[in-house]
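Survey of secondary and tertiary structure
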Amino acid sequence: SMLSISSFSFVFSERLRRKESVSNNIRRFVAVDDDGESSISTRRYRVAIAKPLGIVLEQDGDDANVVVAKVSASGNAAVHTNLCIRDTIVAVNSVSCLGKSLEQVMDLIIEAEDDTIDLLLEHPVGSVVVHFSNGVKIAAQPHEYL
């Protein structure tokens, strides 16, 4: 079943808006759709995760970028409190992943010489982060279904 997070949007959006307004890691870009232009802000952050990462990645159907699909509760990525399902992989070890296929991103991770992978990720500012009791976190926009 799907859970609408619209009921959470007011409380969490206000908290996020105040917190994000002082962040240096916010990037603005313009996405053009059938209705014209809409401005979208994203928050970027870095995590260093030891191999094996404990995450599952997938190609996002909407914008063809690679996103986090699953975080193993017992994996190495689980200790990073800001890592969320649906976050976009922006770079692996400072190599841009935007527009790359899932296979290309996986190759960057697998072929890395270090045992620790540096990931640059992003999710939209104003996302509500839902924390489940098993430690899983999902970032979604208000009124988006989980």
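As shown above, the structure is provided for reference.
We now turn to the structure provided with this report. (Residues numbered from 1 in each chain as written. Predicted model: local features only at pLDDT ≥ 70, side-chain atom pairs only at ≥ 80, totals over all residues. Heavy atoms only, no water.)

**Some details on the nonpolar core**
In globular proteins that are soluble, nonpolar side chains generally tend to be buried together. Which entries qualify depends on this criterion: Remark: nonpolar core denotes a set of buried residues (Ala, Val, Leu, Ile, Met, Phe, Trp, Tyr, Cys) joined through side-chain atoms within 4.5 Å. Only protein chains enter the accessibility calculation, which uses a 1.4 Å probe; a residue whose area is less than 20% of its type maximum is buried, one above 50% is exposed, and one in between is partly exposed. For helices the rule is a DSSP run of H or I covering at least 4 residues; for strands it is a run of E covering at least 2, with both sets numbered from the N terminus onward. Two residues form a contact once any of their heavy atoms are found within 4.5 Å.
Ranked by internal contacts, the top residues of the largest apolar core, which has 23 residues, are Leu83, Ile89 and Leu119. Counting residues per element, the ones that place at least two in this core are β2 (36–50), β3 (55–59), β4 (66–71), β5 (88–92), α2 (102–110) and β7 (116–124). Sequence-distant contacts of Leu83, defined by excluding residues within four places in its chain, comprise Tyr45, Ile49, Ile55, Val68, Val71, Ala77, Leu121 and Lys137.

**Describing the environment of Arg43**
For Arg43, the location among the structural elements is in strand β2. Residues Arg43 and Pro124, spaced 81 residues apart in sequence, show a C-alpha to C-alpha distance of 6.0 Å.

**Considering the pairing of strand β8 (residues 128–131)**
Put simply, the rule reads: We call two strands paired when DSSP finds no fewer than two bridges between them.
Across the two faces of β8 the burial differs, with Val128 and Val130 buried and Val129 and His131 not buried at all. Here β8 folds back onto strand β9 (residues 137–140) in antiparallel fashion, the turn holding 5 residues, of which Gly135 has a positive phi close to 95°.

**Quick word on the side chain of Thr88**
Within the fold, Thr88 resides in strand β5. Note on Thr88: relative accessible area 10%, which makes it buried. Not counting the four nearest positions on each side in its chain, Thr88 is found in contact with Asn65, Val66, Val67, Leu98, Leu120, Leu121 and Glu122.

**What about the pattern of salt bridges?**
Stated formally: Just to be clear on terms, a salt bridge is a Lys or Arg side-chain nitrogen sitting within 4 Å of an Asp or Glu carboxyl oxygen.
Scanning the entire structure with this criterion turns up 2 salt bridges. Residue Glu122 pairs with Arg44 through a salt bridge whose shortest N-O separation is 2.9 Å. In this pair, Glu122 is assigned in strand β7 and Arg44 in strand β2, connecting sequence segments 78 residues apart. Take Glu122: its relative accessible area is 8%, and that puts it in the buried class. Across the pair Arg46 and Asp118 runs a salt bridge whose closest N-O atoms are separated by 3.1 Å. Linking Arg46 in strand β2 with Asp118 in strand β7, this pair joins segments that are 72 residues apart in sequence. With relative accessibility at 49%, the residue Arg46 sits in the partly exposed group.

**Side note on unusual backbone geometry**
The general pattern is negative phi for most residues beyond glycine and trans for most peptide bonds. The peptide bond linking Lys51 to Pro52 adopts the cis configuration, its omega dihedral lying at -10°. Mapped onto the elements, Pro52 comes out in the loop between β2 and β3. A positive phi angle, near 85°, is found at Arg86, a position not held by glycine. Position of Arg86 among the secondary structure elements: in the loop between β4 and β5.

Purely geometric stuff here, so don't read any function into it on its own.
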